[in-house]
Amino acid sequence: MPEITYREAINQAIKEEMQRDESVFLMGEEVGQYHGAYKVTQGLMDSFGRDRVIDTPISESGFAGLGVGAAMMGLRPIVEFMTWSFSFVAFDQIINNAANMRYMSGGLINVPIVFRGPANGGVNVGATHSHTPENFYAHIPGLKVICPANAYDAKGLMKMAIRDNDPVCILENTILYNQTAEVPEEEYLIPFGEADIKRSGSDISLIAHGRSVITALEAADKLQAEHNINAEVVDLRCLRPLDEKTILESVKKTNRVVYVEENKPFCGTGAQIACLIQEKAFDHLDAEIKRVCTLDAPQIYSMPREKDQLPTADRVVETALTIL
């Protein structure tokens, strides 16, 4: 299998789905002539023209709302946010309209729309451009929330999202865009709600999503090499729908859990996972559930300080050792 970057995997997924289905179109700021702020949409305007790859004004509420309306009328929009931090001005369109329309119409109106773009800190762009709001959107019934950790998952999940009849939020990470993975040339889809065991282990479960999966894998290697501790790494891939079965099976096998996430800790994704585990696998726990999160403050602008604010492999190892 060829190795391609995370960026190329998303580009391939969008291009293949636009070729397969003429109702799919893409819009957002700089997605066309500029090929996307992070070059994820490279070449798509050249391939499909200005009618299907649309450069929008800087007005997220406007083009998100336009996308919702188009989806209600039977098209399949892909809406790119230059950063998910900018999606906050489109909360009404995403949360009130896209998420609720099928329910409020008694199932008569679907909203097959994909909202996608980067959501991460760690790139020295300040607090207003560094949010990781997957926990916000996962809170809303009616939205599906996806956080791919590598190129293989990004392509399979993106293709599944474009074909889905409900609104899907895909939160990418700019730091992953250049990372490579083996991706089959033949078509494949990854169903929603199926977590993936990225590393099998028996001593502790490191559960994560998005780029935190990479951090957890680094920590697992350190635990093995330095302490002879065999850690299992569970990549959720999807926050909504959530694969509870895989989480609970891992906990029952290892009896200890550390959740790793780039959310802030208060009302973060890890809080929900911890609640799930203590409700459904409490008797299998040999220690309290621990979390390693981004430190609870607005994102630090200073690059060296920001790196310390995000979860690190060393922090994961230190946390794991406290319950082993």
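Residues numbered from 1 in each chain as written. Predicted model: local features only at pLDDT ≥ 70, side-chain atom pairs only at ≥ 80, totals over all residues. Heavy atoms only, no water.

Draft legend 1. Expanded view of unusual backbone geometry. Following Arg240, the chain continues into Pro241 via a peptide bond in cis, with omega recorded as 0°. Looking at where Pro241 falls in the secondary structure, it is placed in the loop between β12 (238-240) and α9 (244-254). In this structure, Asn228 is a non-glycine residue whose phi angle is positive, near 55°. Relative to the elements of secondary structure, Asn228 occurs in the loop between α8 (212-227) and β11 (231-235). The phi dihedral of Arg237 is positive, around 65°, even though this residue is not glycine. Examined against the element boundaries, Arg237 turns out to sit in the loop between β11 and β12. For Arg237, a relative accessible area of 8% gives the class buried. (Helix = DSSP H or I, 4+ residues; strand = E, 2+ residues; numbered from the N terminus. Buried < 20%, exposed > 50% of the residue type's maximum accessible area, 1.4 Å probe, protein only.)

Draft legend 2. Representation of empty space enclosed by the protein within the structure. What the rule picks out here adds up to one cavity of 30 Å³ or more. If you add up the space inside the largest cavity, you get close to 120 Å³. Lining the largest cavity we find 15 residues, and of these Ala119, Glu134, Asn173, Gly210 and Arg211 sit closest to its centre. Across the lining of the largest cavity, the residue classes tally to six nonpolar, five polar and four charged. (1 Å grid on protein atoms, 1.4 Å probe; cavity = no way out; pocket = protein on both sides within 12 Å on 5 of 7 lines; lining within 4 Å. Points joined across faces, edges and corners; volume = space filled by probe spheres on them. Nonpolar A, V, L, I, M, F, W, Y, C, P; charged D, E, K, R; others polar.)

Draft legend 3. Representation of the side chain of Arg52 in the model. Structurally, Arg52 is set in the loop between α2 (44-48) and β3 (53-55). Although Arg52 is buried, it forms no salt bridge, and the closest oppositely charged side chain is Glu22 at an N-O distance of 5.8 Å. Separated by 2.8 Å, the side chain of Arg52 and the backbone oxygen of Val24 make a polar contact. The residues touching Arg52, leaving out its near neighbours within four places in the chain, are Met18, Asp21, Glu22, Val24, Phe25 and Leu26. (Lys, Arg positive; Asp, Glu negative; His and termini not counted. Salt bridge = Lys/Arg side-chain N within 4 Å of Asp/Glu carboxyl O. Polar contact = N/O pair within 3.5 Å; in protein donor to acceptor, adjacent residues only side chain to side chain. Contact = heavy atoms within 4.5 Å.)

Draft legend 4. Quick peek at the sheet that holds strand β13 (residues 257-260). Pairing within the open sheet is mixed, and its five strands lie in the order β9-β11-β10-β13-β14. Looking at which strands have only one partner, the edges of the open sheet turn out to be β9 (196-199) and β14 (290-292). The average angle at which neighbouring strand axes cross in this sheet is 25°, direction not considered. Here four bridges tie strand β10 (residues 204-208) to β13, and the two strands are oriented parallel to one another. By the bridge assignment, Ile207 is partnered in β13 with Tyr259. In the packing of helix α12 (residues 313-322) onto the sheet, contacts are made with β10, β13 and β14, and the angle to β14 comes to roughly 170°. (Pairing = 2+ DSSP bridges. Axes fitted to C-alpha atoms, helices over the stretch in contact; angles between N-to-C directions.)

Any functional reading would require information that these geometric values do not contain.
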